[in-house]
Amino acid sequence: MDWILPLVGGLGIGSMLTRLIEHFLVKSMSKQNRFYQEKREAYLGLLSALHAAAVSPSNENSKNYALWQTRVELFGAAEVAKSAQGIVDTNDGPRETRDLHFKNLVQEMKKDLKD
């Protein structure tokens, strides 16, 4: 009988610790998932805005691209934002340089979303 009370108490504390650890793990995974979704949405929106600006250049499409670029700066990786700015900076420059920034943009997006 002397061993039953410590055993039951120990199981209760172990159960509480397990639940506490599970709670923090679920919370952490939820946060990571939310950040991933924000990045993904920002990256897809940026690519869509870039496409619209390339197909139909206009002041409105340029402003839409700038909006998505800002979202990428908020939620995305610094290298992705740098490549997005490189596309803007080479708008009137050589096609090869602009294409290089675009390829880098896509590579950095893929890299960031894999992490």
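Presented here is an overview of the structure given in this document.

So, how was this worked out
Residues numbered from 1 in each chain as written. Predicted model: local features only at pLDDT ≥ 70, side-chain atom pairs only at ≥ 80, totals over all residues. Heavy atoms only, no water. Helix = DSSP H or I, 4+ residues; strand = E, 2+ residues; numbered from the N terminus. Buried < 20%, exposed > 50% of the residue type's maximum accessible area, 1.4 Å probe, protein only. Contact = heavy atoms within 4.5 Å. Areas by Shrake-Rupley, 256 points an atom, 1.4 Å probe, with all protein chains shown as cover. Expected span 1.5 Å × (residues − 1). Arc of directions from axis to C-beta. Axes fitted to C-alpha atoms, helices over the stretch in contact; angles between N-to-C directions. Parallel < 35°, antiparallel > 145°, perpendicular 65-115°, else oblique. Left-handed = near helix turned anticlockwise from the far one by under 90°. Nonpolar A, V, L, I, M, F, W, Y, C, P; charged D, E, K, R; others polar. Core = buried A, V, L, I, M, F, W, Y, C linked by side-chain atoms within 4.5 Å.

## Digging into the overall build of the chain
Moving on, step 1. Counting secondary structure elements, the chain contains 4 helices and 0 strands.
Moving on, step 2. The helix and strand sequence of the chain, counted from the amino end, reads α-α-α-α.
Moving on, step 3. In the chain, which comprises 115 residues, the proportion classed as buried is 21%.
Moving on, step 4. Long-range pairs, those at least 24 residues apart, make up 53% of the contacts in the chain with a sequence separation of at least 6.
Moving on, step 5. For the chain, the exposed area adds up to about 8,700 Å²; of that, 61% sits on carbon and sulfur atoms.

## As for helix α2 (residues 59–75)
Count 3.6 residues to each turn of an α-helix, and residues three or four apart come out pointing the same way.
Moving on, step 1. The end-to-end C-alpha separation of α2 is 25 Å, in line with the 24 Å expected for 17 residues at 1.5 Å each.
Moving on, step 2. All buried positions along α2 are accounted for by N61, Y65, W68, Q69 and V72. Projection of α2 onto a plane perpendicular to its axis shows the buried side chains occupying an angular sector of 110°, all on one side. Exposed residues on α2 whose side chains face more than 90 degrees from its buried face are N59, E60, K63, L67, E73 and L74.

## Remarks on the packing of α2 against helix α3 (residues 78–89)
Moving on, step 1. At a closest axis distance of 9 Å, the pairing of α2 and α3 adopts a crossing angle of 155°. Judged on the interaxial angle alone, α3 and α2 are roughly antiparallel. In this structure, the crossing between α2 and α3 has a hand that is left-handed. Contacts between α2 and α3 involve Y65, Q69, V72 and E73 from the first element and V80, A81, A84, Q85, I87 and V88 from the second.
Moving on, step 2. Looking at the contact of α2 with α3, its residues break down into 7 nonpolar, 2 polar and 1 charged.

## Description of the nonpolar core
Moving on, step 1. The biggest cluster of nonpolar side chains holds 14 residues, and the ones touching the most others in it are L46, Y65, V72, V80, L105 and M109.
Moving on, step 2. Counting only elements with at least two residues in this core, the list comes to α1 (4–55), α2, α3 and α4 (95–114).
Moving on, step 3. In terms of residue count, the dominant contributor to this core is α1 (5 residues).
Moving on, step 4. Discounting residues that sit within four places of it in the chain, L46 has contacts with Y65, W68, Q69, V72, A84, L105 and M109.

## Side note on the side chain of T90
Moving on, step 1. Tracing the sequence through the fold places T90 in the loop between α3 and α4.
Moving on, step 2. Accessibility expressed as a relative area gives 11% for T90, which makes it buried.
Moving on, step 3. Those residues in contact with T90, other than ones at most four positions away along the chain, are T97, R98 and H101.

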